[in-house]
Amino acid sequence: MLTRRFLLGAIAAALITPAATAQEIPVFYVTDGTAMSGYDVVSYFNGDAPVHGQPKYAVVWKGAQWHFATAENRDAFERDPRAFAPQFGGYCAYAMAHGSLVSTDPKAWQVVDGRLYLTHSPEIEAMWREARTEYIRMAEAHWPVILYEQ
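Treat the numbers as computed from the prediction; the structure is a model and nothing was measured.

This next bit is on the layout of surface pockets. Size it by volume and the largest pocket reaches roughly 220 Å³. A per-class count over the lining of the largest pocket returns seven nonpolar, two polar and two charged.

A cis geometry characterises the amide bond from Trp143 onward to Pro144, with omega recorded as 0°. Here Pro144 shows up in the loop between α7 (132–142) and α8 (146–149). Unusually for a residue other than glycine, Asp32 sits at a positive phi of about 55°. Tracing the backbone shows Asp32 in the loop between β1 (30–31) and β2 (34–35). For Asp32, a relative accessible area of 84% translates into the label exposed. A positive phi angle, near 55°, is found at Phe88, a position not held by glycine. When you line up the elements, Phe88 lands in the loop between α4 (81–84) and α5 (93–97).

Turning our eyes to something else, we now look at the side chain of Asn73. Residue placement: Asn73 occurs in helix α3 (residues 71–79). You can call Asn73 buried: its relative accessible area is 12%. In terms of polar contacts, Asn73 uses its side chain to reach the side chain of Asn46, at 3.5 Å. Asn73 has contacts with Asp40, Val42, Ser43, Asn46 and Phe68, leaving out every residue within four places of it along the chain.

Attention now moves to the packing of aromatic side chains. A full pass over the atoms with the stated rule returns 14 aromatic pairs. Look at Phe28 and Trp61: their rings are 5.3 Å apart centre to centre, the planes differ by 45°, and that puts the pair in the tilted class. Of this pair, Phe28 sits in the loop between α1 (2–22) and β1 while Trp61 sits in strand β3 (residues 54–61), and the two are 33 residues apart along the sequence. Here the two residues Phe28 and Trp61 agree in accessibility, since each one is buried. Ring centres 5.8 Å apart and planes at 55° place the aromatic pair Trp61 and Trp66 in the tilted group. For the pair Trp61 and Trp66, a shared accessibility class is recorded, and that class is buried. Pairwise contacts between aromatic rings join Tyr29, Phe88, Tyr91, Tyr117, Trp128 and Trp143 into one cluster.

Criteria and cut-off values
- Residues numbered from 1 in each chain as written.
- Predicted model: local features only at pLDDT ≥ 70, side-chain atom pairs only at ≥ 80, totals over all residues.
- Heavy atoms only, no water.
- 1 Å grid on protein atoms, 1.4 Å probe; cavity = no way out; pocket = protein on both sides within 12 Å on 5 of 7 lines; lining within 4 Å.
- Points joined across faces, edges and corners; volume = space filled by probe spheres on them.
- Nonpolar A, V, L, I, M, F, W, Y, C, P; charged D, E, K, R; others polar.
- Helix = DSSP H or I, 4+ residues; strand = E, 2+ residues; numbered from the N terminus.
- Buried < 20%, exposed > 50% of the residue type's maximum accessible area, 1.4 Å probe, protein only.
- Polar contact = N/O pair within 3.5 Å; in protein donor to acceptor, adjacent residues only side chain to side chain.
- Contact = heavy atoms within 4.5 Å.
- Phe/Tyr/Trp six-rings, centres within 6.5 Å; stacked < 30°, edge-to-face > 60°.

What follows is the structure in structure tokens.
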């Protein structure tokens, strides 16, 4: 009977542990507590190039601070953050397709079907663009499970 109780306890602990650990893992890639290296995530959808946000227009969402260039951009984000937040937590979309968590360069990006994707560098972005549909499909198979495997 002791063995059966031990096994049931071990199974219960195994099921609970990932949930507790998941809360400690940052969902979004941050530097110094700031998502997107301080770039205004809404600006990726409004113009030709992203712009830096300002701390005075900051919002905390999903454990990270997000900076915006204007109050209007901040308000748009607050209304629907998932519409603007980068895919795969802001980690490199190309690396995610290969099952890795890698940092990104906010200047290496692309909006595809209304979703923001970042890559590690302009060189990686060029490779990612060549087969982006396939890389997105591959990356979606790893996200967000990869956060719990680290």
